[in-house]
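Report on the structure
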Amino acid sequence: MRQTPISWMIAAAAVFFTLTSARAARVGERAPDFSVADTNGKTQKLSDYAGKFVVLEWSNRGCPYTQKHYNSGNMQRLQREWTQRGVIWLTVISSAPRKQGYVTAEEENAWLKKINGAPTAVLLDPQGNLGHLYDAKTTPQMFVINPQGTLVYDGAIDDKPTTDPADIGRARNYLSQALGEAMAGKPVSMPASRPYGCSVKYPGTWF
């Protein structure tokens, strides 16, 4: 039976979805390793941080949901709080060139200095490979990897999916909860939540 162009496109999309889904990170499973250059030209590998807790934070400073946490100083406070406790914090920018949130290394480093950002490193992922590897959907979106290399949290930073900074003080911070429980040797009580924010501006997307 001859396939129509529409049926061929549907089949191709299904194959693409299956392939990308099969390799995406999943809570409770080993977090996939990666090798990505940071804004200082250093190659960052997840495997380099074996034995440590690692946070991956997807970011887009043009997104009002990201701005909520940075303009208020909340994200920087969290970065300092947890890196001071030995957590590796890797901010990831997966915005493609000419899309919202895309920055050069120099631009990002200047902005981090201006806003007193404190991640361990910022990873530039303009091709979206790392974003797709972890199936990052929004900015912000947070991931927590334990010292054994297992992904133990994937989702929203908190339970207030708004752009209002006033909501931060009354929010339940899922990230801090997951880190606190995991570092205390307890199971993470909420290992996944629905992320909120702007869509990650991957190459090939129109939105």
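Residues numbered from 1 in each chain as written. Predicted model: local features only at pLDDT ≥ 70, side-chain atom pairs only at ≥ 80, totals over all residues. Heavy atoms only, no water.

For the chain, the helix and strand inventory stands at 6 helices and 9 strands. Residues classed as buried in the chain amount to 47% of the 207 residues present. At a minimum sequence separation of 6, the contacts of the chain that also span at least 24 residues come to 73%. A total accessible area of about 10600 Å² is found for the chain, and carbon and sulfur atoms account for 55% of it. (Helix = DSSP H or I, 4+ residues; strand = E, 2+ residues; numbered from the N terminus. Buried < 20%, exposed > 50% of the residue type's maximum accessible area, 1.4 Å probe, protein only. Contact = heavy atoms within 4.5 Å. Areas by Shrake-Rupley, 256 points an atom, 1.4 Å probe, with all protein chains shown as cover.)

Between side chains of opposite charge, a pair can form when the charged atoms approach closely. By the definition in use, this model includes 4 salt bridges. A salt bridge links Arg61 to Glu108, with the nearest nitrogen and oxygen atoms 3.2 Å apart. In this pair, Arg61 sits in the loop between strand 3 (54-58) and helix 2 (64-71) while Glu108 sits in helix 4 (residues 105-115), placing the two residues 47 residues apart along the sequence. Residue classification places Arg61 among the partly exposed positions, given a relative accessible area of 27%. When the shortest N-O distance is used, the salt bridge between Lys137 and Asp135 registers 2.8 Å. Looking at Asp135, the relative accessible area reads 29%, which means it is partly exposed. (Salt bridge = Lys/Arg side-chain N within 4 Å of Asp/Glu carboxyl O.)

The next subject is the confidence of the model for the chain. Averaged over every residue, the pLDDT of the chain is 90; the share at 70 or more is 88%. Counting contacts from residues 1-22, a segment whose pLDDT is below 50, to residues more than four positions away or on other chains yields 3 contacts. (pLDDT = per-residue confidence, 0-100.)

Bringing the state of the cysteines into the picture now. Under the definition given, this model contains 1 disulfide. The disulfide bridge from Cys63 ends at Cys198, spanning 2.2 Å between sulfur atoms. The disulfide joining Cys63 to Cys198 has a torsion of about 90° about its S-S bond and is therefore right-handed. Here the residue Cys63 occupies a position in the loop between strand 3 and helix 2, and Cys198 occupies one in strand 9 (residues 198-199), the gap between them amounting to 135 residues. Residue classification places Cys198 among the buried positions, given a relative accessible area of 13%. (Disulfide = S-S within 2.5 Å.)

Most of strand 4 (residues 88-93) is tucked away, with 6 of its 6 residues classed as buried. Residues of strand 4 alternate between two faces, with Ile88, Leu90 and Val92 on one and Trp89, Thr91 and Ile93 on the opposite face, all of them buried. Strand direction decides the pairing type here: strand 3 and strand 4, joined by 5 bridges, are parallel. Bridged to Trp58 within strand 4 is Val92. Where strand 4 lies against strand 5 (residues 121-124), 4 bridges are found, and the strand directions are parallel. Directly across from Leu90, in strand 5, lies its bridge partner Ala121. For the handedness criterion, the β-α-β arrangement of strand 4, helix 4 and strand 5 is classed as right-handed. (Pairing = 2+ DSSP bridges. Right-handed = clockwise from strand over helix to strand, strands pointing away.)

The buried fraction of strand 7 (residues 141-145) amounts to 5 of the 5 residues, a majority that puts the element mostly inside the structure. On strand 7, burial covers both faces: Gln141, Phe143 and Ile145 on one face and Met142 and Val144 on the other are all buried. Summarising the sheet, strand 3 and strand 7 pair through 5 bridges and their orientation is antiparallel. Counted as the bridge partner of Val54 is Ile145 from strand 7. Pairing of strand 7 with strand 8 (residues 151-155), which is carried by 4 bridges, proceeds in the antiparallel orientation. Note on strand 8: the bridge partner recorded for Ile145 is Leu151.

Turning next to the nonpolar core. Val55, Trp89, Met142, Val144, Tyr153, Leu175 and Leu179 are the most contacted members of the largest nonpolar core, which totals 27 residues. Listed by contribution, the elements that provide at least two residues to this core are helix 3 (74-83), strand 4, helix 4, strand 7, strand 8 and helix 6 (174-183). It is helix 6 that contributes the most residues to this core, 5 residues altogether. With sequence-adjacent residues up to four places away left out, Leu175 is seen in contact with Val55, Trp89, Met142, Val144 and Ile157. Judged by nonpolar contacts, the second largest core, of 23 residues, contains Leu46, Val92, Phe143 and Val200. (Core = buried A, V, L, I, M, F, W, Y, C linked by side-chain atoms within 4.5 Å.)

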